[in-house]
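# Coordinate analysis (summary)
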Amino acid sequence: MIKKLLVLVMVIQLAGCAELQNIVSQLPNGGVLSQEQIGNGLREALDNGVKNQVTKLTAENGFFKNDLVKILLPEELQAVDKGLRQIGLSNLADEGIKVLNRAAEDAVKTATPIFVNAVKEITFADAKNILLGEKNAATTYLQGKTTSSLYSSFSPVIQNSFAKVGADKIWSNLITKYNTIPFVKKVDTDLTGYVTDQALKGVFTMIEVEEKGIREKVGLRSSALLKQVFALQD
């Protein structure tokens, strides 16, 4: 995603109008590209990148076995996990965590069209800000454009996913058992909002990983255009 995005963004930033064709003409293929082609390529690159990242997270264990984004228990429920393990119910505690991640994996499947709409709104001014910004500037752009819509999309899916995979019953059973432990503080929590927030965090974490990679590592520049343009920032 961010690979080709940043390449095309740099061309646009350095170019302006007349300068654009001068820079492009120095590329190995002769650089016969119009501003419209470059703009379309920018959007296509970002679309493809987002789809790839979303696909990784929607796969089974996309969250659960990825230490960067794995959803753990919120602070108020960590005592539940510890308490259950102390009384020999580690399997139940493990299952409780797994279903949180399964719900996130399910919800992220709804993200692609929201990202696609954000990509369509990219302007040359946005491209300039992304290029001149921090190493996560493209991620930050997407975050600003999509967080509200993603939250609205994720929340009901996560709630339904809890029911579909039996998470509501698992957590009810888990918390009920925990609350029977003598002298513990009783717990009553709704996890939908928490998992929604963590799912959002996970999506942008993975996008940021890719963005920083292409900015920093020459070996990740997989095309001639990537190598030519990012040689300028090096």
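Whatever comes next refers back to the structure up there.
Report on the accompanying structure.

Cut-offs and rules
Residues numbered from 1 in each chain as written. Predicted model: local features only at pLDDT ≥ 70, side-chain atom pairs only at ≥ 80, totals over all residues. Heavy atoms only, no water. Helix = DSSP H or I, 4+ residues; strand = E, 2+ residues; numbered from the N terminus. Contact = heavy atoms within 4.5 Å. Core = buried A, V, L, I, M, F, W, Y, C linked by side-chain atoms within 4.5 Å. Buried < 20%, exposed > 50% of the residue type's maximum accessible area, 1.4 Å probe, protein only.

A few words now on the overall build of the protein chain. Secondary structure assignment for the protein chain yields eleven helices and zero strands. When the helices and strands of the protein chain are read in sequence order from the N terminus, they spell out α-α-α-α-α-α-α-α-α-α-α. Excluding contacts between residues fewer than 6 apart, the proportion of contacts in the protein chain whose partners are at least 24 apart in sequence is 79%.

Right, let's get into the nonpolar core. One finds Phe115, Phe154, Trp171 and Val195 to be the most contacted residues of the largest nonpolar core, which totals 49 residues. Of all the secondary structure elements, the ones that give two or more residues to this core are helix 3 (35-58), helix 4 (75-86), helix 5 (90-107), helix 6 (112-120), helix 8 (137-164), helix 9 (167-179) and helix 10 (192-216). Per-element accounting of this core gives the leading share, eight residues, to helix 8.

A few words now on the environment of glutamate 134. Structurally, the position occupied by glutamate 134 is in the loop between helix 7 (124-132) and helix 8. Distance in space between the C-alpha atoms of glutamate 134 and lysine 212 is 9.5 Å, their sequence separation being 78 residues. When sequence neighbours within four positions are dropped, the list of residues in contact with glutamate 134 reads Glu211 and Arg215.

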